[in-house]
Amino acid sequence: MGLISHAAATGLGYTLARPEGRRQLLKLRDQGRRLLQHPQVTRLQDRGRNLATQQINTATTTVKQRLGRGTPPAPPTGPSVDELGTARRPAAPATAADA
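Criteria and cut-off values
- Residues numbered from 1 in each chain as written.
- Predicted model: local features only at pLDDT ≥ 70, side-chain atom pairs only at ≥ 80, totals over all residues.
- Heavy atoms only, no water.
- Salt bridge = Lys/Arg side-chain N within 4 Å of Asp/Glu carboxyl O.
- Helix = DSSP H or I, 4+ residues; strand = E, 2+ residues; numbered from the N terminus.
- Buried < 20%, exposed > 50% of the residue type's maximum accessible area, 1.4 Å probe, protein only.

## Concerning the pattern of salt bridges
Taken as a whole and judged by the stated rule, the model has 4 salt bridges. With a closest N to O distance of 3.2 Å, R18 and E20 form a salt bridge. D46 is the partner of R49 in a salt bridge, and the nearest nitrogen-oxygen pair spans 2.9 Å. Taken together, the residues span about one helical turn, with R49 and D46 both in helix α3 (residues 39–66) at a distance of 3 residues. Residue classification places R49 among the partly exposed residues on the basis of a relative accessible area of 48%. Ionic contacts of the salt-bridge type, sharing partners, join the residues R18, E20 and R23 into one network.

Here is the structure:
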């Protein structure tokens, strides 16, 4: 730990060791609990949960497709020659050294 970390830990310990510091900590805890019950916070929590669920479903579908257990992915579009006129080569198969 650096000097700043030690100073912060010392200050926090001093503050919490005093009765006024403990009262302040309990007051902050109660404010935090009330804040978590605020309707706007509840809506944001629900929105975050829904977004996470959507991302999980999208990732699951993608993995299933790549493993061949879902609907096949769309075939690549465009020419088989890149912008410089070089033919594309198929990707090299994975080796044990890559794992």
